[in-house]
Amino acid sequence: MYPAKFDFYAMDCYRLVGEDELARALTEEVLRAGTDFDGTERSPPMRNAEARVTLEVTAAREGDSEQALVMGERALEGERQSVPSRSS
């Protein structure tokens, strides 16, 4: 597994178990690694969207509804695509 992928899955796990500080730290790394110097996102769109959902959830848990709303809206921006799994 690539380090960026590990950070992504760990970020998700920390969010799910309520370790918000660790989740946010990994989220920042996931977004940094997935974005070029000019702001172009190079990671799969769903990876960065999921990272923003993590920021949304952690902000909401802290009572920062304004930041949660901003991150939620950013998570819904961009091109996302859900496709069927190749396994049957």
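If you're wondering where the values come from, they're calculated on a predicted model, not measured in any experiment.

Peer 1: Sorry, what's going on with the pattern of salt bridges here?
Peer 2: It is possible for side chains bearing opposite charge to pair when their charged atoms get close. This model, assessed by the stated rule, comprises seven salt bridges. Residues D12 and R15 are paired through a salt bridge, measuring 2.8 Å at the closest nitrogen-oxygen approach. Of this pair, D12 and R15 both sit in helix α1 (residues 3–17), three residues apart, roughly one helical turn. The same class applies to D12 and to R15, which are both buried. Residue E50 is joined to R15 by a salt bridge in which the shortest nitrogen-to-oxygen separation is 2.8 Å. Here E50 is found in helix α3 (residues 45–61), whereas its partner R15 is found in helix α1, with 35 residues between them in sequence. The exposure class of R15 is buried, given its relative accessible area of 10%. When salt bridges that share partners are traced, they join D12, R15 and E50 into one network.

Peer 1: Hey, could you run me through the side chain of T58 in this one?
Peer 2: Positionally, T58 belongs in helix α3. The contacts of T58, once residues within four sequence positions are left out, are D20, A23 and R24.

Peer 1: Looking at this structure, how should I read the nonpolar core?
Peer 2: One broad trend across soluble globular proteins is that nonpolar side chains are buried collectively. By size, the foremost hydrophobic cluster in this structure holds nine residues: F8, A10, M11, L26, V30, L31, A51, L55 and M71. Listing elements by their share of this core, those giving two or more residues are α1, α2 (20–33) and α3. Not counting residues up to four positions away in its chain, the partners in contact with A51 are M11, T27, V30 and L31.

Peer 1: Teacher, can you tell me more about a nonpolar patch on the surface here?
Peer 2: A cluster of nonpolar side chains, Y14, L16, V17 and L22, forms an exposed patch at the surface whose accessible area comes to about 390 Å². Looking at which element gives the most residues to the nonpolar patch, the answer is α1, with three residues. Its place among the elements puts L16 in helix α1.

Peer 1: Would you mind going over the environment of P44 with me for this structure?
Peer 2: Tracing the backbone shows P44 in the loop between α2 and α3. In this structure the C-alpha to C-alpha distance between P44 and G34, which are ten residues apart in sequence, comes to 8.1 Å.

Rules used throughout
- Residues numbered from 1 in each chain as written.
- Predicted model: local features only at pLDDT ≥ 70, side-chain atom pairs only at ≥ 80, totals over all residues.
- Heavy atoms only, no water.
- Salt bridge = Lys/Arg side-chain N within 4 Å of Asp/Glu carboxyl O.
- Helix = DSSP H or I, 4+ residues; strand = E, 2+ residues; numbered from the N terminus.
- Buried < 20%, exposed > 50% of the residue type's maximum accessible area, 1.4 Å probe, protein only.
- Contact = heavy atoms within 4.5 Å.
- Core = buried A, V, L, I, M, F, W, Y, C linked by side-chain atoms within 4.5 Å.
- Patch = residues over 30% accessible without salt bridge, like charges linked within 9 Å, V, L, I, M, F, W, Y side chains within 5 Å.
- Areas by Shrake-Rupley, 256 points an atom, 1.4 Å probe, with all protein chains shown as cover.

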